[in-house]
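Examining the three-dimensional arrangement
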Amino acid sequence: MTKKSTTVNRRSFIKSVGIAGGGLLIGFNWLACKRSEEVAVADAALEMPDEWFELNGYLKIGDNGVVTIYSPNPEIGQNVKTSMPMMVAEELDVDWNNVIVEQAPLNTELYSRQLAGGSQSIRQGWEPLRRAGATARYMLLEAAAKQLEVPVEDLSVEDGVISHSGSDKTISYGEIAKAAAEIEIPEEDKVVLKSKNDFKIIGSSRKNVDAKKIVTGQPLFGLDTYKEGMLTAMIVHPPKFGMEFKSMDAEKVKEMPGIKDVFTIDTYPEDTQKQWSDVSAFSKLVVVLGESTWQVMQAKKALEVEWDLNPELTKKIEILEKSAGMGEVSGLESSATHTSLMADVGSKKAKAIRKDGDPEAAFKNAARVIERSYTCPFLAHNCMEPMNFFANVTADKAELLGPIQTPEYAEKTIQSRLGLDLENIDIQMTRMGGGFGRRLYGNFLVEAAVISQKAGAPVKLVYSREDDMTDGVYRPAYHVKYRAALDANNKITAFHVNAGGIKESPLFANRFPAGAIDNYLAESWTVDSNISIGAFRAPRSNFIAGAEQSFLDELAEEIGQDPIQFRLDLLKKAKENPVGENNDYDAARFAGVLEMVRDKSGWKKDDQNLNRGISAYYCHNSYVAQILDLRVKNNEPIIDKVVCAVDCGIVVNPDAAKNMVEGGTIDGIGHALYSKISFEDGMPQQSNYDTYRLIRHKEAPKSIEIYFAENGIDPTGLGEPPFPPVIGALANALYKATGKRFYDQPYISGLQGDLKT
Amino acid sequence: MAKFNLNINGEDKTVDVDPSTPLLWVLRDHLNLVGTKYGCGIAQCGACTVHFNGSAVRSCQLPVSSLEGSKIKTIEGLSENGDHPVQQAWLEIDVPQCGYCQAGQIMSASALLESNPNPSDEEIENAMNGNICRCGTYSRIKAAIKAASKSQVA
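It should be emphasised that the depicted structure is a prediction, and the values quoted were computed from it without experimental measurement. (Residues numbered from 1 in each chain as written. Chains lettered and ligands numbered in written order. Predicted model: local features only at pLDDT ≥ 70, side-chain atom pairs only at ≥ 80, totals over all residues. Heavy atoms only, no water.)

1. Examining the overall build of chain B
- Of the regular secondary structure elements, chain B holds five helices and five strands.
- Across chain B, helices and strands are ordered from the amino to the carboxyl terminus as β-β-α-β-β-β-α-α-α-α.
- Its C-alpha radius of gyration of 15 Å places chain B within 12% of the 15 Å reference for a compact globule of 154 residues.
- Considered along the principal axes of its C-alpha atoms, chain B spans approximately 45 × 30 × 25 Å. (Helix = DSSP H or I, 4+ residues; strand = E, 2+ residues; numbered from the N terminus. Rg over C-alpha atoms; globule rule 2.2 N^0.38 Å.)

2. A word on the packing of aromatic side chains
Residue and element names in this part refer to chain A.
- Taken as a whole and assessed by the stated rule, the structure comprises 28 aromatic pairs over all chains.
- Judged by centre distance (5.2 Å) and plane angle (15°), the ring pair of Tyr 482 and Phe 551 falls under stacked. One end of the pair, Tyr 482, is in strand β19 (residues 477-486); the other, Phe 551, is in helix α14 (residues 541-559), with 69 residues separating them in the sequence. Grouping residues by exposure puts Tyr 482 and Phe 551 together as buried.
- Taken together, the ring pairs connect Tyr 374, Tyr 482, Phe 495, Tyr 520, Phe 551 and Tyr 743 into an aromatic cluster.
- Here the basic side chain of Arg 130 rests over the ring of Trp 126, its NZ or CZ set 4.1 Å away from the ring centre.
- Over the face of the ring belonging to Phe 742 we find Lys 740, whose NZ or CZ atom lies 5.7 Å from the ring centre. (Phe/Tyr/Trp six-rings, centres within 6.5 Å; stacked < 30°, edge-to-face > 60°. Buried < 20%, exposed > 50% of the residue type's maximum accessible area, 1.4 Å probe, protein only. Lys NZ or Arg CZ within 6 Å of the ring centre and 35° of its normal.)

3. Examining the pairing of strand β18 (residues 459-462) of chain A
Residues and elements named next belong to chain A.
- Across the two faces of β18 the burial is the same, with Val 459 and Leu 461 and Lys 460 and Val 462 all buried.
- Sheet topology places strand β8 (residues 231-236) next to β18; three bridges connect them, and they run parallel. Bridge pairing in β18 links Ala 233 to Leu 461.
- Relative to β18, strand β15 (residues 388-393) runs antiparallel, the two sharing four bridges. (Pairing = 2+ DSSP bridges.)

4. A few points about the domain arrangement of chain A
Residues and elements named next belong to chain A.
- Domain annotation for chain A reports domain 1 (10-216), domain 2 (223-310 + 381-470) and domain 3 (554-757).
- Inter-centroid distance (C-alpha atoms) of domain 2 to domain 3 is 38 Å.
- At the interface, eleven residues of domain 2 touch 13 residues of domain 3.
- Across the interface of domain 2 and domain 3, roughly 1000 Å² is buried in total on both sides, 63% from carbon and sulfur atoms.
- Where domain 2 meets domain 3, there are four residue pairs in polar contact (both at pLDDT 80 or more).
- Taken together, the residues of the side of domain 2 that touches domain 3 sort by class into six nonpolar, two polar and three charged. (Domains from an automatic or database assignment. Contact = heavy atoms within 4.5 Å. Buried area = accessible area lost by both parts, 1.4 Å probe. Polar contact = N/O pair within 3.5 Å; in protein donor to acceptor, adjacent residues only side chain to side chain. Nonpolar A, V, L, I, M, F, W, Y, C, P; charged D, E, K, R; others polar.)

5. Some remarks on the environment of A:Gln114
Residue and element names in this part refer to chain A.
- In this structure, Gln 114 sits in the loop between β4 (99-103) and α3 (121-148).
- For Gln 114, a relative accessible area of 1% corresponds to the buried category.
- Considering only alpha carbons, one finds Gln 114 and Ile 171, 57 residues apart in sequence, at a separation of 35 Å.

6. Notes on the nonpolar core
All names here are of chain A.
- Counting residues in hydrophobic clusters, the biggest one holds 134 residues, and the most contacted among them are Leu 400, Ile 451, Leu 628 and Leu 730.
- Top contributing element to this core by residue count: helix α18 (residues 723-738), with nine residues.
- Non-local contacts of Leu 400, meaning those with residues more than four positions away in its chain, are made with Phe 389, Phe 390, Ala 391, Ile 414, Ile 425, Asp 426, Ile 427, Gln 428, Leu 445 and Ala 449.
- In this structure, Ala 499, Ala 514, Ala 522 and Val 593 belong to the second largest nonpolar core, which totals 56 residues. (Core = buried A, V, L, I, M, F, W, Y, C linked by side-chain atoms within 4.5 Å.)

7. So, the pattern of salt bridges
All names here are of chain A.
- Applying the stated criterion across every chain, the model contains 50 salt bridges over all chains.
- For Asp 714, the salt bridge goes to Lys 196, with nearest N and O atoms at 2.9 Å. One end of the pair, Asp 714, is in the loop between β27 (703-708) and α18; the other, Lys 196, is in the loop between α4 (173-180) and α5 (211-216), and 518 residues separate them in sequence.
- Sharing partners across several salt bridges, the network here consists of Arg 368, Arg 372, Asp 553, Glu 554, Glu 557, Glu 558 and Arg 741. (Salt bridge = Lys/Arg side-chain N within 4 Å of Asp/Glu carboxyl O.)

8. Comments concerning the packing of helix α15 (residues 563-576) of chain A against helix α16 (residues 587-601) of chain A
Residues and elements named next belong to chain A.
- At a minimum axis distance of 9 Å, the contact between α15 and α16 shows a crossing angle of 160°. Taken together, the axes of α15 and α16 lie roughly antiparallel to each other. Between α15 and α16 lies a crossing of left-handed hand. Each of Ile 564, Gln 565, Arg 567, Leu 568, Leu 571, Ala 574 and Lys 575 in α15 lies in contact with α16, whose residues at this interface are Ala 587, Ala 588, Phe 590, Ala 591, Leu 594, Glu 595 and Arg 598.
- Among the residues forming the contact of α15 with α16, the class breakdown is nine nonpolar, one polar and four charged. (Axes fitted to C-alpha atoms, helices over the stretch in contact; angles between N-to-C directions. Parallel < 35°, antiparallel > 145°, perpendicular 65-115°, else oblique. Left-handed = near helix turned anticlockwise from the far one by under 90°.)

9. Observations regarding the confidence of the model for chain A
Residue and element names in this part refer to chain A.
- Looking at chain A, pLDDT values average 91 and 91% of them are 70 or higher.
- Here residues 1-43 scores under 50 on pLDDT; set against residues more than four positions off or in separate chains, the count is 109 contacts.
- Ignoring residues within four places in sequence, the model shows residues 319-325, a span with pLDDT below 50, making six contacts including any to other chains. (pLDDT = per-residue confidence, 0-100.)

10. Things to note about the UniProt feature "domain: Aldehyde oxidase/xanthine dehydrogenase a/b hammerhead" (unreviewed entry) in chain A
- UniProt feature "domain: Aldehyde oxidase/xanthine dehydrogenase a/b hammerhead" (unreviewed entry): in the numbering of this structure it lies at residues 216-311 of chain A.
- In the segment residues 216-311 of chain A, helix accounts for 17% and strand for 35%; the C-alpha atoms at its two ends are 51 Å apart. (UniProt positions renumbered as here; feature names shortened; annotations may be inferred.)

11. Remarks on the sheet that holds β27(A)
All names here are of chain A.
- With respect to topology, four strands assemble into an open sheet ordered β22-β23-β24-β27, the strand pairing being mixed. For this open sheet the edge positions go to β22 (612-619) and β27, each flanked by a neighbour on one side alone. Each strand axis lies, on average, 15° off the axis of its neighbour in the sheet, ignoring direction.
- Both strand β23 (residues 622-633) and strand β24 (residues 636-647) contribute to a ladder of eleven bridges, which runs antiparallel. For Ile 627, the partnering residue across the bridge sits in β24 and is Val 643.

12. Digging into the sheet that holds strand β14 (residues 368-376) of chain A
All names here are of chain A.
- Strand order across the open sheet formed by five strands is β13-β21-β20-β19-β14, with mixed pairing between neighbours. Each edge of the open sheet carries a strand with a single partner, namely β13 (351-356) and β14. Strand after strand, the sheet turns through a mean of 10° between neighbouring axes, direction not considered.
- The strands that helix α9 (residues 335-346) touches are β19, β20 (492-502) and β21 (519-527); relative to β19, the one it contacts most, it runs at about 35°.

13. Re α18(A)
Residues and elements named next belong to chain A.
- Taking 1.5 Å per residue, 16 residues should reach 22 Å; α18 reaches 23 Å between its end C-alpha atoms and fits that length.
- Burial analysis of α18 places 15 of its 16 residues in the buried class, the great majority of the element.
- A positive phi of about 75° marks Gly 739, the residue just after α18. (Expected span 1.5 Å × (residues − 1).)

14. Examining the interface of chain B and chain A
- Of the residues lining the interface, 52 residues belong to chain B; the matching set on chain A comes to 59 residues.
- For the pair chain B and chain A, the summed buried surface comes to about 4900 Å²; carbon and sulfur atoms form 56% of the total.
- When the buried area of chain B at its contact with chain A is split by residue, B:Gln97, B:Arg134 and B:Tyr138 rank highest and sum to 18% of it.
- The interface formed by chain B and chain A includes six salt bridges.

Given below as C-alpha cells:
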C-alpha cells in the first residue's frame, strides 16, 4: 500500500462539486486498509477489501468492489443515514447490497449543511449527493476507458460492473478504483445526472442500514459511549426558572463512594460568542463527577444546594415587559398567569405582518362575525435518549462525541468558549435517540466540554430524565384568535388572524388561507419570559395548523358547506385569482392532497356513521392531508383509522417514508391529546413520564393508510409535515364524536366530562 | 460496595457495586452491555426492559442485591445471531426510526410471545403499553409482533 500525496487540499473537493468544476487532482487512498467498524448494511457478511480508494468525500471503493458511502447529516430517526447514501449510490450505479454506510464526522470543508432540522436534509442534499455519485462514476468510466483502450462513450455500468458495448470486455469498480482515484475531477458540466425515469435505487424501498445493530443492542447512541478513564458527570440546575445558584454544601457528598468531585461551572460566561443554537436558561450549574452513573445519581440526591432569585433576569424581564406593553411576568412564572396574559394580549391590536384589501371595513359591514381562540401549552421534547455528550478536552484539543443536530454551530461555540482553533476541535456524531428539535440546541455539548476541561479528564455528561424534562428549551405556549366576516349570503368577506406566544409567535402570515380571501389581516405578538424555548418538530406549525384547521372546519359548518369542498373552493380562488404576491404555497398541489385523501378515504358529506375529521396543511415544502376516524369510550378517544395523502415530490425510500408519516401522525395526535409542561412559581410541574403523558401503544391509531402523490417533482421535507395537520383532523373528529369543539390543548383535558360515547 | 454473582445471558458474572445499584446500570456501566437503555429510571418508559427468569421486567427498578440465583436475559442474549423470530420480524417490517426504545420493545414483545404465542390485538396493546416510543412506531411494532407470532406458530 502506498500513500500518494497531493498538493491540493482534498477537503475542498465537495465545494467544487457543489459550486463549480474543480479540476483538482485527487489520488491517494485515504483510510487505506482500515477495517470498517461501521458495517451497516443488512448483510454484515460483506468481505472488507485490502485497500480502499477514496474518489471523493462521499465515498470510497475497495479493491473488491465494496463501496463505503458517508452519510453527511445527523441521524435522528428520520432515516437519512439510509436515504442520503441511496442518492449517492443511484448515480454511482452500484449494487446496494455492496454498500456500507458510515456516518461522516463534522467537516465543514467537505460537506455543506451538516444539520438535522427543517426537514431539509433530502431536499438540500438532492443535487450535491447525486452529483457526488455521478462524479465518481464519471471517473471510474474514464479510468476504465483508458485501461480497456476504448472510447468512454462505448461503456455502460450496471451494479458496479462496467461493460464495453463493442466487445465482451468488462471491468468491475473494484478493479478500476485505484486508477479512477488518479483521474482528474471533471468539470461540473461534464457530469450528467440521470433522468428520473432511470432511477433504480431512488424510489425503491431500502431497509434502515442500522437496523441490525438496533435490534441486537449494539452500541450506536451517545449514551452508549464508554472510553478508557472516562468519568460520568451529571448536572444540577435550578429547580425553578428565574432562579440561580447561591451556595452548596458538597463536603459530605465528595466523600461518597465513587465521587471524584463536585464543582460549579459557568457554561456561557459573558464573553462567549454564542450561536443561535446556544439556548439555555441555566448557565451556572453544579456538576457532580464520579466513576459510575448510579453513584453520581445518588450523590446528586444527597447534595444540598441553595438557590436564589436571579435578580438580573427578573429585572431584565420587567424592563422588556414594560417596553413591549405586554403586562407583567414575575421572576417566577406560573401557567395560570401565562394563560390570562396571552388571552389579554391576544385580544388587543398587534403588529400587522400582512394586510390585503380593507379588512376593517369588511368586518364593520359584516352580517356576522365568527371569532374563536385556540391555545396550547409548553411541551418538552422528550427524546427517549436523554441529553448527553462525551468530551475529552486537553490543553490544545477537544474531542467531542455524541448526539447533536447542529455540529457546525457547536464547533464555533466551543472555539469561542474554550479558546481553541477550529482544526483542534473534533466533533463526531452518534446516531441519536430522537431529536425533534431538542438537539439543535447544544448546551449539553458545551457543558460536557467545560466539565472535561475543568476536571482534566474524559467525561460523559448524562442528563437524568428529570434533568432533561425540566431544563427548558420547550415548545412555546401559543395563543391564536381567528375572526371571519360573513355577508348576508354566508360568503366570507374578511379573515383575521392574531397570533402570539411565550416567547415566539406561531404566525405564518403568507400561508393559506392568505391568498384566498380578499380582505385579510395577520397580526403577531410575543410575551417575554425567562423560560427557554426552542424549535420542536414542525416549529409554530405544530400549533397553528391544528388551530387554523379547526377554525376552517367550524367556518364550513357555519356556512353549511362540506369541509373538504369549502377548502377546495378557497384553494381554487388562490390558484385562479390569488390575493397578494407572497403566498408561500402552491394551491394546485395543496388541492391535490385534499382530493386524494377524499377519494382514498371514501369521504361522504355529512356521514353520520363515522366521527371523521379532515385537515390539510403545507409546511417544510410539503403538503399533507389527513382524515381521522375515532370513537370515544370512557372519556378516552379510540382512533380507528387515519388516512394520509402526502405530496413531498419524489419519494426516495418509500417504505421508510411511510414509517415517517406513520410516526409523525402518531406523534402529532399524542402531543395534542395528552402532553403539557405547566409551571407554578417557576417550577415545571412535570418531570418524568409518571406526570408527563406521552401517547402509548393502546392509544395509537388502529390503522394508518398512506398515499403519496406521484409527480416527479424534486423531493421536499417529510420529517415534520405529517405532524401538524393531524392535530386539526383530531380536533374535528373529536367534535363529531362529542358535539363539542376543542380549542385548548391537550384535548384530553376537555374530554373529561360531558361526552357522548 | 459488595460482590454479586449474576447469571446474564447464560454466563456467570461477578460485579463489585453498591447493593442498591439497579441492574440497568450494572449492565451498562459495569458489564459493557449497553443494549439495555436508560429512559426514565422510574419504570415508566420500558426502554430498560430485560427478561428476569423469563418475564419482562424494568431493569431500572431491580437492585443488583435481588438478583442472586436468577437468570437475566438482555437484548444482547436474545439470540446468538440476531435471528430470534421477533428480531427477524423487526428487520422485515423495518420497525425502527431513531431506534433507542426498540431493544426494550423487543424484550417486551419476545416475553409476550413466550407466554402467549398467538396474542390478539388487545393482548399486544396491553403487554406493550409500558413501552413508550416517541417516534411513534407503534403500528409497525404491532405488525412485527403479529409477523413473529405467525412465524413461531408456523
